[in-house]
Amino acid sequence: MHGPTAIFIGGGSLAGAVKDRTKALYAALVGNVDSQALVPVIAAYAYALGADLLMIGLIVGAYSAVHAPANAAFGHLVDRFGRRRTLVAGLLADAGSLVLYAVAQTPEHLLLARLLHGFGGGLVGPATMSAVAESAARGRHGRSMALYGMTLGFGVLLGFGLAGGFVLASGNVRSAVPRLVAVLAVLVLSGTVAGATMADARVGRGARWSEAIPLLRSRAMVSGLVLMFSLYFAVGTFTALYPAHVADLLGSGADRAVVLSFMLFGVTSVVLHYPGGILADRLGARRVASLGLGGVAAGFLLLPFAASGMANAASMVLLGLGHAFTFPAASAIVSAAAPRDRFGLATGLLYACLVLGAAVGAPLMAAVAGPLGVSGTLALTSLALVPALGVA
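Residues numbered from 1 in each chain as written. Predicted model: local features only at pLDDT ≥ 70, side-chain atom pairs only at ≥ 80, totals over all residues. Heavy atoms only, no water.

### Looking at the overall build of the chain
Then, in step 1: Helix and strand counts for the chain come out as 16 helices and two strands.
Then, in step 2: Scaling as 2.2 N^0.38, a compact globule of 392 residues should have a C-alpha radius of gyration of about 21 Å, and the chain matches this with 20 Å.
Then, in step 3: Taken along its principal axes, the extent of the C-alpha atoms in the chain is 65 × 45 × 35 Å.
Then, in step 4: Out of the 392 residues in the chain, the part that is buried amounts to 52%.
Then, in step 5: In the form shown here, the chain has an accessible surface area of approximately 15,900 Å², with 70% of it arising from carbon and sulfur atoms. (Helix = DSSP H or I, 4+ residues; strand = E, 2+ residues; numbered from the N terminus. Rg over C-alpha atoms; globule rule 2.2 N^0.38 Å. Buried < 20%, exposed > 50% of the residue type's maximum accessible area, 1.4 Å probe, protein only. Areas by Shrake-Rupley, 256 points an atom, 1.4 Å probe, with all protein chains shown as cover.)

Shown next as structure tokens:
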């Protein structure tokens, strides 16, 4: 790459942009670990604090209920006040919520912690994603966003590992969670330090939420958002229905098979993310997104027939490959279509579609599985991806 673009990206040096990207990726990692580590334990922790089933449902769902609209609403704040300020504010809110998790004595205290946690995440996502998007040189959006997707994947694996380790070491969830969130708080505060040392992007001239309307008139922008929503609609469906599907097939021993399958899915996605980003840059993001969603659809079609270990493993590899191709491609489409002074708004919308897709897919397809059956619903999910293939 030659000329001014090789030296300056978004008004700063290339070396500075890469350094800030590293800091943003670290902040994204710790900001994702702190939420993912609570996924396996939050329901049991709420029960230990005396919550009934209804309250458990409210506590579990409270994070996503706040997180999705917060991403959409707060993205423009990144453009207006700068990513450094918004990132630090979001991580401090995350750290405050972790303190509330540790000292919670009632289900109501825990609900408050979940709401604050979702609020903080609504600032962290757009701030970190916009910093990574802005660091991309021309023609390398896929690679940059693949790094972000890999970071989120590592966050899931690390978060689940931390939760499992603390529960095993403590013997019960009630005593494990305060220790777990203490470690998470230290990680989040270290991310705050990294964010505070980032060079701030130029502050926008009074960016407003209404400026999302011109962005949404862009066909490329809408297609990227639809692709991300569809991908995580499928991920939410898989998360909700796959354990029941394995239980139907195997009965006893299903828990171990589910854990191993999720690990294979996650590791495949992380390993193939950067190659997926390279392909998005070389072959075109739309084409690679279509290949990715096609892989996800094929994985869902194979699942009902995956009674053997090899067939199940093939399904997990297809799902992991599909995720690894679709995430960087959809993100690259959005970041390439967004003006640099609106990266916060654009990535806020993208992050909101990610969260909303999973939040809609899991309960909707679980409801469909009641009359249709789990296997039939898994196969039906592949057909639900067809409209998104048309958009790509």
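What follows picks up the thread again.
### What about a nonpolar patch on the surface?
Then, in step 1: On the surface, Phe-154, Leu-157, Val-267 and Val-271 cluster together to form a nonpolar patch covering roughly 340 Å² of accessible area.
Then, in step 2: Listed by contribution, the elements that provide at least two residues to the nonpolar patch are helix H7 (141–170) and helix H11 (254–283).
Then, in step 3: Relative to the helices and strands, Val-267 is located in helix H11.
Then, in step 4: Owing to a relative accessible area of 40%, Val-267 belongs among the partly exposed residues under this scheme. (Patch = residues over 30% accessible without salt bridge, like charges linked within 9 Å, V, L, I, M, F, W, Y side chains within 5 Å. Salt bridge = Lys/Arg side-chain N within 4 Å of Asp/Glu carboxyl O.)

### What to know about the packing of H7 against helix H8 (residues 173–196)
In a pair of packed helices, the angle between the axes and the distance between the axes together describe the arrangement.
Then, in step 1: Between H7 and H8, the least distance of the axes is 8 Å, while the angle of their chain directions is 140 degrees. Viewed along their axes, H7 and H8 adopt a mutual orientation that is oblique. Here H7 and H8 pass one another in a crossing that is right-handed. Contacts between H7 and H8 involve Leu-162, Ala-163, Phe-166, Val-167 and Ser-170 from the former and Val-173, Ser-175, Ala-176, Arg-179, Leu-180, Val-183, Leu-184 and Leu-187 from the latter.
Then, in step 2: Of the residues contributing to the contact of H7 with H8, the split by class is 10 nonpolar, two polar and one charged. (Axes fitted to C-alpha atoms, helices over the stretch in contact; angles between N-to-C directions. Parallel < 35°, antiparallel > 145°, perpendicular 65-115°, else oblique. Left-handed = near helix turned anticlockwise from the far one by under 90°. Contact = heavy atoms within 4.5 Å. Nonpolar A, V, L, I, M, F, W, Y, C, P; charged D, E, K, R; others polar.)

### Some details on the packing of aromatic side chains
Then, in step 1: Using the criterion set out here, one finds seven aromatic pairs in the structure.
Then, in step 2: Ring plane angle 75 degrees and centroid distance 5.1 Å describe the contact between Phe-74 and Phe-119, whose orientation is recorded as edge-to-face. With a gap of 45 residues between them, Phe-74 in helix H4 (residues 53–81) and Phe-119 in helix H6 (residues 107–134) connect regions that are remote in the sequence.
Then, in step 3: Since its relative accessible area comes to 37%, Phe-119 is described here as partly exposed.
Then, in step 4: Taken together, the aromatic side chains of Phe-238, Tyr-242, Phe-262 and Phe-265 make up a single cluster linked through ring pairs. (Phe/Tyr/Trp six-rings, centres within 6.5 Å; stacked < 30°, edge-to-face > 60°.)

### Comments concerning the confidence of the model for the chain
Then, in step 1: Here the chain averages 85 in pLDDT, and 91% of its residues register 70 or above.
Then, in step 2: The least confident element of the chain, judged by mean pLDDT, is helix H1 (residues 4–7) at 35; the most confident is helix H12 (residues 285–302) at 95.
Then, in step 3: Within the model, pLDDT remains below 50 along residues 1–12, and this stretch shows 16 contacts once partners closer than five positions in the same chain are excluded. (pLDDT = per-residue confidence, 0-100.)

### Looking at the pattern of salt bridges
Then, in step 1: Under the definition given, this model contains three salt bridges.
Then, in step 2: One salt bridge in this structure joins Arg-83 and Glu-134, with 2.6 Å as the shortest N-O distance. Of this pair, Arg-83 sits in helix H5 (residues 83–103) while Glu-134 sits in helix H6, placing them 51 residues apart in sequence.
Then, in step 3: Taking the shortest distance from any N to any O, the salt bridge between Asp-281 and Arg-143 comes out at 2.8 Å. You can see Asp-281 sitting in helix H11 and its partner Arg-143 sitting in helix H7, a full 138 residues away along the chain.
Then, in step 4: On the basis of relative accessibility, which here comes to 21%, the residue Asp-281 falls in the partly exposed class.
Then, in step 5: One salt-bridge network, held together by shared partners, links Asp-20, Arg-83 and Glu-134.

### Description of the nonpolar core
Then, in step 1: If you look at the biggest cluster of nonpolar residues, it comprises 101 residues, and the most contacted ones within it are Tyr-148, Leu-180 and Phe-327.
Then, in step 2: Broken down by element, this core gets its largest block of residues, 13 residues, from helix H10 (residues 219–250).
Then, in step 3: The contacts of Tyr-148, once residues within four sequence positions are left out, are Leu-25, Ala-28, Gly-125, Thr-128, Met-129, Val-132, Phe-327 and Tyr-351. (Core = buried A, V, L, I, M, F, W, Y, C linked by side-chain atoms within 4.5 Å.)

### Re the side chain of Thr-86
Then, in step 1: Topologically, Thr-86 is positioned in helix H5.
Then, in step 2: The class for Thr-86 is buried, based on a relative accessible area of 6%.
Then, in step 3: Of note is the side chain of Thr-86, whose polar atom sits 3.2 Å from the backbone oxygen of Arg-83.
Then, in step 4: Ignoring sequence-local partners within four residues, the contact set of Thr-86 consists of Leu-77, Val-78, Leu-123 and Ala-127. (Polar contact = N/O pair within 3.5 Å; in protein donor to acceptor, adjacent residues only side chain to side chain.)

### So, the environment of Gln-105
Then, in step 1: For Gln-105, the location among the structural elements is in the loop between H5 and H6.
Then, in step 2: Between the alpha carbons of Gln-105 and Gly-50 there is a distance of 9.1 Å; along the sequence they are 55 residues apart.
Then, in step 3: Not counting residues up to four positions away in its chain, the partners in contact with Gln-105 are Leu-49 and Arg-174.

### Some points on the environment of Leu-279
Then, in step 1: Along the chain, Leu-279 turns up in helix H11.
Then, in step 2: According to the relative accessible area criterion, Leu-279 is partly exposed, its value standing at 29%.
Then, in step 3: Ignoring sequence-local partners within four residues, the contact set of Leu-279 consists of Gly-284, Val-288 and Phe-325.

### Let's talk about the side chain of Arg-114
Then, in step 1: Residue placement: Arg-114 occurs in helix H6.
Then, in step 2: Among buried charged residues, Arg-114 stands out as having no salt bridge; its nearest opposite-charge side chain is Asp-34, 8.9 Å away.
Then, in step 3: Here Arg-114 is in contact with Leu-38, Ile-42, Ile-59, Val-60, Ala-62, Tyr-63 and Tyr-101, once residues within four sequence places are set aside. (Lys, Arg positive; Asp, Glu negative; His and termini not counted.)

### Thoughts on the packing of H6 against H7
Then, in step 1: At a closest axis distance of 9 Å, the pairing of H6 and H7 adopts a crossing angle of 145 degrees. Relative to H7, H6 is oriented so that their crossing is right-handed. For the pair H6 and H7, contact is made by Gly-125, Thr-128, Met-129, Val-132 and Ala-133 and by His-141, Ser-144, Met-145 and Tyr-148, respectively.
Then, in step 2: Residues of the contact of H6 with H7, tallied by class, amount to five nonpolar, four polar and no charged.

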